[in-house]
Amino acid sequence: MRIAQGAEAIIDREGDIVTKYRLEKPYRIPILDKRLRKSRTRREAKVLDKLFAAQIPAPKLLSVDDKRMEIKMSFIPGSVLADSLEENPVEYATQIGHLLAKLHAQNIIHGDLTTSNMIVHKDVVHLIDFGLSYFSLKVEDKAVDLEVLHRALGAKHFGCVDGVWDQIIATYQTYDHAKDVLARLEKVELRGRHKQR
């Protein structure tokens, strides 16, 4: 059963298994397209492996085939957090802050942090969709990861964004280098405001 189709990939589900296949891009030079899809498939698989090892709630990698550009992972049932954040904003924001602290402690950048890429299963927030994820030690990359989430919250959850964001930041500070990331985040957000003018 097809559950999603985007510009980069199609995602099918069969029972408890989700299969993600990276699509060919006809506008790219074929050899470059193949190289890009292969490297992104491998990288996503490595990220999923690292998440599992670090006990971060996310899909479990089942297999990877970089010839077919295909990843198989476990299906996470539940509701999309975008639809239920307002039901328990403090609890969910607390979990998100802890999740991001763990994620960044592993030097994983999600790349597309939104409440649409989070699933609530048995009251636990799980991260999904690591198609744009990568590894980075850079404070700047972690700050931008947070800024993407802040903007997404403002767009989708306007009524509760301030309280939710404050709680996320409060619990994110369990990350050893949170102070450096949050200091950089201020600069990143300032840059964004200047661009909008």
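See the structure shown above.
Let us look at the structure shown here. What you see is a predicted model, and the numbers here were worked out from it, not measured in a lab. (Residues numbered from 1 in each chain as written. Predicted model: local features only at pLDDT ≥ 70, side-chain atom pairs only at ≥ 80, totals over all residues. Heavy atoms only, no water.)

What follows covers the environment of leucine 146. Here leucine 146 shows up in helix H4 (residues 139-156). For leucine 146, a relative accessible area of 0% puts it in the buried group. Once the C-alpha coordinates of leucine 146 and threonine 114 are considered, the two residues, 32 residues apart in sequence, prove to be 9.9 Å apart. With sequence-adjacent residues up to four places away left out, leucine 146 is seen in contact with Leu100, His104, Trp165, Tyr172, Val181, Leu182 and Leu185. (Helix = DSSP H or I, 4+ residues; strand = E, 2+ residues; numbered from the N terminus. Buried < 20%, exposed > 50% of the residue type's maximum accessible area, 1.4 Å probe, protein only. Contact = heavy atoms within 4.5 Å.)

With that out of the way, let us pick up the sheet that holds strand S2 (residues 9-14). With antiparallel pairing, the 5 strands of this open sheet are ordered in space as S1-S2-S3-S5-S4. Edge positions in the sheet fall to strand S1 (2-5) and strand S4 (61-65), since each has one partner strand and no second. Neighbour-to-neighbour, the strand axes of this sheet turn through a mean angle of 15°, independent of strand direction. Looking at chain direction, S1 and S2 are connected through 3 bridges and run antiparallel. Paired with alanine 4 across the strands is isoleucine 11, a residue of S2. (Pairing = 2+ DSSP bridges. Axes fitted to C-alpha atoms, helices over the stretch in contact; angles between N-to-C directions.)

With that settled, consider the nonpolar core. Soluble globular proteins tend to bury their nonpolar side chains together. Core analysis: the largest hydrophobic core is formed by 43 residues, its most contacted members being Leu51, Leu149 and Tyr172. Every element with two or more residues in this core is listed here: helix H1 (30-53), strand S5 (70-74), helix H3 (89-105), strand S8 (118-121), strand S9 (124-127), H4, helix H5 (161-172) and helix H6 (178-196). In terms of residue count, the dominant contributor to this core is H3 (7 residues). When residues no more than four places from it in sequence are discounted, the contact partners of leucine 149 are Ile96, Leu100, Leu113, Thr114, Met118, Trp165 and Ile168. (Core = buried A, V, L, I, M, F, W, Y, C linked by side-chain atoms within 4.5 Å.)

End to end, H3 covers 24 Å across 17 residues, agreeing with the expected 24 Å (1.5 Å per residue, within 8%). Turning to H3, its buried residues number three or more, namely Tyr92, Ala93, Thr94, Gln95, Ile96, Gly97, Leu99, Leu100, Ala101, Leu103 and His104. Just downstream of H3 lies asparagine 107, where phi reads positive at about 60°. (Expected span 1.5 Å × (residues − 1).)

Moving on: unusual backbone geometry. At methionine 69, a residue that is not glycine, the phi angle is positive and equals roughly 55°. Along the chain, methionine 69 falls in the loop between S4 and S5. Here aspartate 129, not a glycine, exhibits a phi torsion of approximately 60°, which is positive. On the secondary structure map, aspartate 129 appears in the loop between S9 and strand S10 (134-135). For aspartate 129, a relative accessible area of 35% corresponds to the partly exposed category.

Attention shifts here to a nonpolar patch on the surface. Side chains of Ile29, Ile31 and Leu32 sit close together on the surface and give an oily, nonpolar patch of about 300 Å² of accessible area. On the secondary structure map, isoleucine 31 appears in helix H1. (Patch = residues over 30% accessible without salt bridge, like charges linked within 9 Å, V, L, I, M, F, W, Y side chains within 5 Å. Areas by Shrake-Rupley, 256 points an atom, 1.4 Å probe, with all protein chains shown as cover. Salt bridge = Lys/Arg side-chain N within 4 Å of Asp/Glu carboxyl O.)

What follows is about the pattern of salt bridges. Between side chains of opposite charge, a pair can form as their charged atoms come close. Under the defined criterion, the tally for this structure stands at 14 salt bridges. Taking the shortest distance from any N to any O, the salt bridge between lysine 72 and glutamate 70 comes out at 4.0 Å. With relative accessibility at 28%, the residue lysine 72 sits in the partly exposed group. What makes glutamate 70 buried here is its relative accessible area of 13%. With a shortest N-O distance of 3.1 Å, arginine 184 and glutamate 140 are connected by a salt bridge. Taken together, the positions of arginine 184 in helix H6 and glutamate 140 in helix H4 put the pair 44 residues apart, joining distant regions of the chain.

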